Amino acid sequence: MCGIVGVISKAPVNQLIYDALLLLQHRGQDAAGIVTMQGQKCFMHKARGMVRDVFRTRNMRGLPGNVGLGQVRYPTAGNAYSEEEAQPFYVNAPYGIVLVHNGNLTNAHALKAELFEVDRRHINTESDTEVLINVLAHELEMAGRDLPLTPAQIFKAVSTVHKRIKGSYGVIALIAGHGLLAFRDPYGIRPLCFGQSGDGEVMVASESVALEGTGHTLTRDLAPGEALFIDTQGTIHTQQCAENPTLNPCMFEFVYLARPDSVMDGISVYQARLNMGETLAQRLISTIPPSEIDVVIPIPESSRPSAMQLAHRIGKPYREGFVKNRYVGRTFIMPGQSTRKKSVRQKLNAIGLEFKGRNVLLVDDSIVRGTTSKEIVQMAREAGAKKVYLASAAPPVRFPNVYGIDMPTKEELIAHGRSIEEIRQFIGADALIYQDVDAMKRVVGQLRPGLNGFEASCFDGTYITGDVSAEDFATMQAQRQSQPEEEDLPARSRLALQSGGDQ
């Protein structure tokens, strides 16, 4: 899961994109990049690190133009430490195309060979985004050969892209001298929405919070398979480009990934988490008598709405027992497991007053690898808790994810092949309560009538695209195991493309 944004305006967009990326920083902290276009010339700056660290005044001065896009990266394919794989990606033909992508292509390896052998295009990294931009470039070349490029030809190219690539994707691209293109996978797995400001400025982004926080009004979400093209005059063109599209948004967005103040596909993320807390309370009551619980404490941040609703439902006080250090990255999305383990106590500190002599119920949004949960339970005991119960607002994560979430190998999942009791023993809690899969789908789905379903493969093992093979899992596992640790890498350097500013 990455955060992407694109803007077309009558004024310079570099500061606007920077501000939007700050609002999307929770979606990725590994790298950040911005590209702008002035006329037909591209200006790019990208590097590893947080937005505030990647962009300095000199970099912003080197990003002129009234149209642009940006991305915050959370790597799920390719090398997590490679600066060459930071986005945006650029190809110079046809037209000059720059692209950012949120998601994961499940057939990237096969496409890479096809691009080289058939399309005569060379891929220089392990990134599936480089594969995607080359597929799009080839199809735009085929659709617009010997003809002026029109919205109809662009949509024709996107239609063919949908047929060639598999997996999940939200895409924003700039076509030099023509405008901004955005499209979404036919299953609607990864989110993408757009909105406008009063002066006709148009923004496309992963989450509505990026629009609202920069003075834009949310127009709507892109439909699954739909393409949006905004020409240089600001005229919006849309067309459905996929056959038999269905809306199956990623459930993990509502569990953990998205900000609570976002609305995705008509569903309030905050309300979804409140509803999860309601059903989790019902599960809890059938497992532990509420009389045995003195206080409900969330594990910040994503679990707060669920914990509040659960506490209200069982009639117990809700308290903040952990203080979060906001200057440490989100534990779940750190590339190396060793880094993840080391960061837990740097990230959270217990308030002893809320734990001492009490039976505490800790509520987390999900339990993925179990290492963080184990450490937090131990912290609660060290703070003086008599008993420590743990409840997860999400069901057990038992299956690998192939659609853009960092959990591709089953060996890393604490719930894979283990009973609830075995998980409880590993974590060290006095009791462990999980959300029910069907109840979760029901209470979140009722917020959007007509929804086809959810992509919830990490919980139920159903891969919505129907084309994920054992070979795909093996390829991703091999790639993951080959990842170097950061300390083994040479010092990184920044990249820039045709930038007029001092780098």
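Quick note: structure is the one above.
The following refers to the structure shown. (Residues numbered from 1 in each chain as written. Predicted model: local features only at pLDDT ≥ 70, side-chain atom pairs only at ≥ 80, totals over all residues. Heavy atoms only, no water.)

**Things to note about the packing of aromatic side chains**
Per the counting criterion, the structure on display carries seven aromatic pairs. Consider the rings of F254 and F454, whose centres lie 6.2 Å apart with planes at 85 degrees: the pair is edge-to-face. Note that F254 is positioned in helix α8 (residues 251–257) and F454 in the loop between α15 (437–445) and α16 (457–460), a separation of 200 residues in sequence. Three or more aromatic residues joined by ring pairs form one cluster here, namely F252, Y256 and F459. Positioned above the aromatic ring of F89, the side-chain terminus of K46 is 5.0 Å from the ring centre. Sitting above the plane of the F426 ring, K374 keeps its charged end 4.7 Å from the centroid. (Phe/Tyr/Trp six-rings, centres within 6.5 Å; stacked < 30°, edge-to-face > 60°. Helix = DSSP H or I, 4+ residues; strand = E, 2+ residues; numbered from the N terminus. Lys NZ or Arg CZ within 6 Å of the ring centre and 35° of its normal.)

**Things to note about the nonpolar core**
Among the nonpolar cores identified, the biggest contains 36 residues, and M251, F252, F254, V255, V444 and F459 are the most heavily contacted of them. Among the secondary structure elements, those contributing two or more residues to this core are α8, α9 (269–285), α15 and α16. No other element matches α8, which puts six residues into this core. Discounting chain neighbours no more than four positions away, the residues touching F459 are M251, F252, V255, A394, P395, P396, V397, F399, V437 and M440. (Core = buried A, V, L, I, M, F, W, Y, C linked by side-chain atoms within 4.5 Å. Buried < 20%, exposed > 50% of the residue type's maximum accessible area, 1.4 Å probe, protein only. Contact = heavy atoms within 4.5 Å.)

**Structural notes on the packing of helix α4 (residues 108–117) against helix α5 (residues 128–143)**
Contact pair α4 / α5: the axes reach a minimum separation of 10 Å and the direction vectors enclose 45 degrees. For the element pair α4 / α5, the angle class is oblique. The crossing of α4 and α5 is left-handed. Residues A108, L111, K112 and L115 of α4 form the contact with α5, whose participating residues are D128, V131, N134 and V135. (Axes fitted to C-alpha atoms, helices over the stretch in contact; angles between N-to-C directions. Parallel < 35°, antiparallel > 145°, perpendicular 65-115°, else oblique. Left-handed = near helix turned anticlockwise from the far one by under 90°.)

**Observations regarding the state of the cysteines**
Within this structure, the stated rule accounts for zero disulfides. No disulfide involves C250; its sulfur sits 6.7 Å from that of C458, the nearest cysteine. (Disulfide = S-S within 2.5 Å.)

**Details of the pairing of strand β9 (residues 193–196)**
Consecutive side chains along a regular strand alternate between the two faces of the sheet. Of the strand pairs in this sheet, β9 and strand β11 (residues 217–221) are connected by four bridges, and their pairing is antiparallel. When the bridges of β11 are listed, Q196 appears paired with T217. Where β9 lies against strand β10 (residues 202–205), four bridges are found, and the strand directions are antiparallel. Each bridged residue has a counterpart across the sheet, and for G195 the counterpart in β10 is M203. (Pairing = 2+ DSSP bridges.)

**Points about unusual backbone geometry**
Each neighbour pair has its own omega, and for Q87 with P88 the value is 10 degrees, a cis peptide bond. Following the sequence through the fold, P88 ends up in the loop between β4 (67–73) and β5 (89–91). The linkage connecting P300 with the following residue, E301, adopts the cis geometry, with an omega of 5 degrees. Within the secondary structure, E301 sits in the loop between β16 (295–298) and α10 (304–314). Phi is positive for R120, which is not a glycine, with a value near 60 degrees. Take R120: it is sitting in the loop between α4 and α5. Relative accessible area serves as the criterion here: at 66%, R120 is assigned to the exposed category. Phi is positive for N244, which is not a glycine, with a value near 55 degrees.

**A word on the sheet that holds strand β12 (residues 226–231)**
Reading across the sheet, the six strands line up as β5-β6-β7-β8-β12-β13 and stay open at both edges, with antiparallel pairing between neighbours. Taken across any chain shown, the strands that pair with only one partner, and hence form the sheet edges, are β5 and β13 (236–240). Going from strand to strand, the sheet's axes swing by 20 degrees on average, the running direction of each strand aside. Bridge analysis of β12 against β13 gives five bridges, and the strand direction is antiparallel. Looking at β13, one finds that F229 is bridged to H237. Relative to strand β6 (residues 97–105), α5 is tilted by about 125 degrees, and along the sheet it contacts β5, β6, β7 (167–175) and β8 (179–184).

**As for the pattern of salt bridges**
For the structure on display, the rule yields 23 salt bridges. With its nearest N and O atoms 3.4 Å apart, the salt bridge here joins K112 to E126. With K112 in helix α4 and E126 in the loop between α4 and α5, the pair connects residues that are 14 residues apart, well separated along the chain. Residue class for K112 comes out partly exposed when judged on its relative accessible area of 26%. Close ionic contact of R381 with D430 constitutes a salt bridge, the shortest N to O distance being 3.0 Å. Separated by 49 residues along the polypeptide, R381 in helix α13 (residues 371–382) and D430 in the loop between α14 (420–427) and β21 (431–434) bring together distant segments of the chain. Classification of D430 by relative accessible area gives partly exposed; the value is 34%. In this structure, a network of salt bridges that share partners links the residues R27, R190, E207 and E253. (Salt bridge = Lys/Arg side-chain N within 4 Å of Asp/Glu carboxyl O.)

Everything listed here is a matter of coordinates, which is why it stays silent on function.
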